[in-house]
Amino acid sequence: MGRIFTSPLGFCMVLCTALAGVLGAGPAEECAWAFLDAIVFQDAATAWSMLDDDSRAGQTPEGLTAALAALPIIAERAEIVGADPENGQWRVRFRLHGVHRTSGEPMTWPGTLRVVGADPAALRIAYQPPAPSVDPMIGSVGQAARQMLPGLPPSQVIDGVTAQDVLDRAVTAHGQIRSMRMGVSIRGTAMGQAISLDGDFLYSAPDRMRLDLGQVLFFSDRGGATIHMVPANAYFRLPGSLSGGLSGLTPGLGGFAADTQASLVGRESVAGFPCWHLVLASPGQGMTTLMGQMGLMHVWLDEQTYLPHQARAGAMGISVEIRFHSPTINPEGIDPGVFTFRPPPGAMEIPMMLPGLPGMGGG
């Protein structure tokens, strides 16, 4: 047959394909089976040869190889669910069965192929592989103990590294930083409205922060935290429990890690930087209570510096992704005064009301 089968499931899939042909499967299904076979065996050359011209446009064989290798699933077998005629073509629904590329958990990946062409002997596949938001990095992956808090995914042991190892290293790295400057980009939605903000972040040990997003300024120092809405020249002060929790989140996880349960779910690349992907939750008070309301937080920490490259969270009508870039560690010349909010002339203070959040002191 010209191929050495290393996977019993893969061999069974090919055997089923042959039987389907004997039992009279149509040319469209046979074409789809051959393409799915190429995906299961990571045979990008064969997959590329079967694509139609529209699917090849703007793509390269190397790009297709990378896209197939970056699918979240390591496919072990394929299944055709159904095939329906559509405008002179065939729409073939399929499922790939296998395991998650980083966690090793069993998973199923559904999809659709379009089989095009008038000549049954020369059919082609119309297919665009999904582009992952982060690139999985294959390593030695095992499953660690499941976390106690509900909703956390299983934690992994990746190349001998556990979630606790990552948290401990993040705390150590935090303790070595006296000050830091980095760029921040925030994208997302809030109550149906798009969020698009870019700015600069400053940090000074142990608990001073300033985030300048142009229209919004955030200050945090030993006296508490304040948010200034620049266009309205209005500001409000955050409750002490919330501002204390916020200061523990920077520059990476900081002291916040001590009160956090985390799952290590992947070793992935963000903007070309190898990162540990953590999912965080906490049963505590202050910011952790607010995080409980907001749901789980995903954080990608740089494998070398343990600074964040990306964070993602969302619930209650809010979905936010934060990207961090261009960090400068211990820069010279940061004026300590920039971390203290001084109301500009005519600024109006708005009372901060947080009813219904236990442990927040709102009323």
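As shown above, the structure is provided for reference.
Bear in mind the structure is a predicted one, so any value in this text is a computation, not a measurement.

Reading guide: rules and limits
- Residues numbered from 1 in each chain as written.
- Predicted model: local features only at pLDDT ≥ 70, side-chain atom pairs only at ≥ 80, totals over all residues.
- Heavy atoms only, no water.
- Phe/Tyr/Trp six-rings, centres within 6.5 Å; stacked < 30°, edge-to-face > 60°.
- Helix = DSSP H or I, 4+ residues; strand = E, 2+ residues; numbered from the N terminus.
- Buried < 20%, exposed > 50% of the residue type's maximum accessible area, 1.4 Å probe, protein only.
- Pairing = 2+ DSSP bridges.
- Axes fitted to C-alpha atoms, helices over the stretch in contact; angles between N-to-C directions.
- Salt bridge = Lys/Arg side-chain N within 4 Å of Asp/Glu carboxyl O.

Q: Would you mind showing me how to read the packing of aromatic side chains here?
A: The relation between two aromatic rings is expressed through the spacing of the ring centres and the mutual angle of the planes. Scanning all chains against the criterion turns up three aromatic pairs. Taken together, a centroid distance of 5.3 Å and an interplanar angle of 50° make the contact between Phe219 and Phe341 tilted. Of the two residues, Phe219 is situated in strand S11 (residues 216-221) and Phe341 in the loop between strand S18 (318-329) and strand S19 (348-349); the sequence distance between them amounts to 122 residues. This pair shows no difference in class: Phe219 is buried, exactly as Phe341 is. Geometrically, the ring pair formed by Tyr235 and Phe341 is tilted, given 4.9 Å between the ring centres and 55° between the ring planes. Taken together, the residues Tyr235 in strand S13 (residues 234-238) and Phe341 in the loop between S18 and S19 connect sequence positions 106 residues apart. There is no split in this pair, since Tyr235 and Phe341 are both buried.

Q: Would you take a moment to explain the sheet that holds strand S3 (residues 106-116) for this structure?
A: Whether parallel or antiparallel, the strands of a sheet pair through hydrogen bonds between backbone atoms. Taken in spatial order, the four strands of this open sheet run S1-S2-S3-S4, and their pairing is antiparallel. Among the strands making up the open sheet, the edge pair consists of strand S1 (73-86) and strand S4 (124-126). Averaged over all pairs of adjacent strands, the angle between their axes in this sheet comes to 35°, without regard to strand direction. Taken together, the three bridges between S3 and S4 define a ladder with antiparallel strand orientation.

Q: Mind showing me how you'd approach the pattern of salt bridges here?
A: A side chain with one charge may pair with a side chain of the opposite charge, provided their charged atoms come close. Scanning the model with the defined rule gives six salt bridges in all. Between Arg95 and Glu79 there is a salt bridge; the shortest N-O distance is 3.4 Å. Of this pair, Arg95 sits in strand S2 (residues 89-100) while Glu79 sits in strand S1, and the two are 16 residues apart along the sequence. Taking the relative accessible area as the measure of exposure, Arg95 reaches 33% and is therefore partly exposed. Between Arg187 and Asp198 there is a salt bridge, and its shortest N-O distance comes to 3.1 Å. Remark: Asp198 occurs in strand S9 (residues 193-204) and Arg187 occurs in strand S8 (residues 179-190); sequence separation between them is 11 residues. The exposure class of Arg187 is partly exposed, given its relative accessible area of 35%. On the accessibility criterion, Asp198 (42% relative accessible area) is partly exposed. Bridged by salt links that share partners, the residues Arg312, Glu321 and Arg323 form one connected network.

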